[in-house]
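Okay, here's what each chain looks like letter by letter:
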Amino acid sequence: MPNNPVQIGELACGHGNPLMLIAGPCVIESKELTFQIAETLVEICHQQNVPLIFKASFDKANRTSLNSYRGMGIDGGLQILAAVHDTFAMPVTTDIHLPEQAHAASQAVQLLQIPAFLARQTDLLTAAAETGLPVNVKKGQFMAPVDMQHVVGKLESAGCGQVLLTERGTFFGYGSLVNDMTSIPRMQRLGVPVVFDATHSVQRPSAEDGKTGGDRSMVQPLARAAVAAGCDAIFVETHPDPKRSPSDGQNMIPLDELPAALKILVSIRKSLTDNEP
């Protein structure tokens, strides 16, 4: 059986632990902006006593258009992520797209993330597991919650018992996603903590002429529903000025709106734990 809670650096996510926040910009734009966002997130989470994992991508390999900004690349990106970890003393995560990226990423971060489109890629899962780090796999938009048992099985077979699963919406026709909150307890029955990705869940894939659209006004309602459904962590992408983000700006929650949004989520979580039998 996989571990629950999962240990990520000095933090634990899962049974008996507070709601965790995984947050950061979609993609690394510069060291200065990355550090600005990280510092603000640390202050917000310290004030509300919320455990934080910082997230940013060094490469967005799954952009809709060939002309879309992908990021700084693996070498420069991982250097910045390692510096965020060292400077702010918090765990950091990033996504990998190829098996050969796993080892290098594992030297810079404390949690590896597998993108939803790649959730069934056995070689990628195996390479991530062999690093010895915990692994967070986003449920494919095309997958049922119960199908993630095979993802967990692949990781365990490769030696990784520290597994997180993330719900991030399911394809609903063309250019739209829908969320089934029952997927949260269903995936928790696999013995793993479950994260809810509130910002990617509001995407409208390929809806804007070569770009992914979205509706950030739905981020907070979905996040509240997910916490009420019992998720172990909330994932959000955030930016000081989402309109200027080169990736997923329409789905992001503005950084200055995050404190109030997080306060509500913590309150919902507290009401659940206070009333547990």
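This is a predicted model, so every value here is computed, not measured.

J.: I keep staring at the overall build of the protein chain and nothing clicks. Help me out?
T.: Counting secondary structure elements, the protein chain contains eight helices and 15 strands. Compactness check: the protein chain gives a C-alpha radius of gyration of 17 Å against a globular reference of 19 Å for 277 residues, within 12% of the reference. By its C-alpha atoms, the protein chain is 50 × 45 × 40 Å across when sized along the principal axes. Evaluated residue by residue, the protein chain yields a buried proportion of 53% over its 277 residues.

J.: For this particular structure, what's the right way to read helix 4 (residues 122–129)?
T.: For helix 4, every residue scored as buried is listed here: Leu-124, Leu-125, Ala-127, Ala-128 and Ala-129. Lining the buried residues of helix 4 we find helix 3 (102–106), strand 6 (111–114), strand 7 (135–138) and helix 5 (148–157).

J.: Quick question: what am I supposed to make of the nonpolar core here?
T.: Counting residues in hydrophobic clusters, the biggest one holds 72 residues, and the most contacted among them are Leu-21, Phe-54, Val-137 and Ile-234. When residues of this core are assigned to their parent elements, the largest contribution, seven residues, is made by helix 1 (residues 31–48). With eleven residues, the next largest nonpolar core counts Val-6, Ile-8, Ile-22 and Ile-53 among its residues.

J.: How should the packing of helix 4 against helix 5 be read in this particular structure?
T.: Packed helix pairs are specified by the crossing angle of their axes together with the interaxial distance, meaning the distance between the axes. At their nearest, the axes of helix 4 and helix 5 sit 8 Å apart, and the two run at 45° to each other. Taken together, the axis directions place helix 4 and helix 5 in an arrangement best described as oblique. Helix 4 and helix 5 meet at a crossing whose hand is right-handed. The residues of helix 5 that touch helix 4, namely those facing Thr-122, Leu-125 and Ala-129, are Val-151, Lys-154 and Leu-155. Of the residues contributing to the contact of helix 4 with helix 5, the split by class is four nonpolar, one polar and one charged.

J.: What's the story with the pattern of salt bridges in this structure? I'm lost.
T.: Between side chains of opposite charge, pairing is possible as soon as their charged atoms come close. Taken as a whole and judged by the stated rule, the model has four salt bridges. The partner of Lys-270 in a salt bridge is Asp-274, and the shortest N-O contact between them spans 2.7 Å. Residue Lys-270 and its partner Asp-274 are located together in helix 8 (residues 258–274), separated by four residues, close to a single helical turn.

J.: Help me understand the pairing of strand 7 in this model?
T.: The two faces of strand 7 match: Val-135 and Val-137 on one face and Asn-136 and Lys-138 on the other face are all buried. As judged from the three bridges shared by strand 6 and strand 7, these two strands associate in the parallel manner. Across the sheet, the residue bridging to Leu-112 is Val-135, located in strand 7. Handedness of the β-α-β unit built from strand 6, helix 4 and strand 7 comes out right-handed. Two strands pair when backbone bridges link them, and strand 7 and strand 8 (residues 163–167) are joined in this way by four bridges, in the parallel orientation. When the bridges of strand 8 are listed, Val-137 appears paired with Leu-165. Taken together, strand 7, helix 5 and strand 8 constitute a β-α-β crossover, and its handedness is right-handed.

J.: What am I meant to see in the packing of helix 1 against helix 2 (residues 74–88) here?
T.: For the pair helix 1 and helix 2, interaxial distance at closest approach is 11 Å and the crossing angle is 35°. Crossing of helix 1 over helix 2 shows right-handed handedness. On the side of helix 1, the interface is formed by Lys-31, Thr-34, Phe-35, Ala-38, Glu-39 and Val-42, while helix 2 contributes Ile-80, Ala-83, Val-84, Thr-87 and Phe-88. Looking at side-chain class alone, the contact of helix 1 with helix 2 contains seven nonpolar, two polar and two charged residues.

J.: It is not clear to me how the environment of Val-27 should be interpreted in this structure. Could you clarify?
T.: Of note, Val-27 is situated in the loop between strand 3 (20–24) and helix 1. Judged by its relative accessible area of 2%, Val-27 falls in the buried class. Separated by 218 residues in sequence, Val-27 and Ser-245 have C-alpha atoms that sit 8.4 Å apart.

Cut-offs and rules
- The written sequence of each chain sets the order in which its residues are numbered from 1.
- Owing to the predicted nature of the model, reporting of local features is limited to residues with pLDDT of at least 70; listing and counting of side-chain atom pairs is limited to 80 or more, with chain, interface and lining totals taken over all residues.
- Water and hydrogen atoms play no part in the side-chain values, which are based on all heavy atoms of the structure.
- Numbering goes from the N terminus for both helices and strands, where a helix is a DSSP run of H or I of at least four residues and a strand is a run of E of at least two.
- The atom set for the radius of gyration is the C-alpha atoms, and the globule formula is 2.2 Å times the number of residues raised to the power 0.38.
- The cut-offs for exposure are 20% and 50% of the maximum accessible area for each residue type, with area from a 1.4 Å probe on protein chains only; residues under the lower value are buried, those over the upper are exposed, and the others partly exposed.
- When checking whether two residues touch, look at their non-hydrogen atoms; a contact exists if any pair is within 4.5 Å.
- Only buried residues count toward a nonpolar core, which is a set of Ala, Val, Leu, Ile, Met, Phe, Trp, Tyr and Cys residues joined through side-chain atoms within 4.5 Å.
- Think of each axis as a best-fit line through the C-alpha atoms, taken over the contacting stretch in the case of a helix, with angles from 0 to 180 degrees between the N-to-C directions.
- Should an angle lie under 35 degrees it is considered roughly parallel, over 145 roughly antiparallel, and from 65 to 115 roughly perpendicular; all remaining angles are considered oblique.
- Crossing handedness is read from the near helix: turned anticlockwise from the far helix by less than a right angle, it gives a left-handed crossing, and turned clockwise, a right-handed one.
- By the convention adopted, Pro, Cys, Tyr, Trp, Phe, Met, Ile, Leu, Val and Ala count as nonpolar, Lys, Arg, Asp and Glu as charged, and the other residues, Gly among them, as polar.
- Here, a salt bridge means any side-chain nitrogen of Lys or Arg that lies within 4 Å of a carboxyl oxygen of Asp or Glu.
- Should DSSP find at least two bridges between two strands, the strands are taken to pair.
- We call a crossover right-handed when, viewed with the strands running away from us, the connection from the first strand over the helix to the second turns clockwise.

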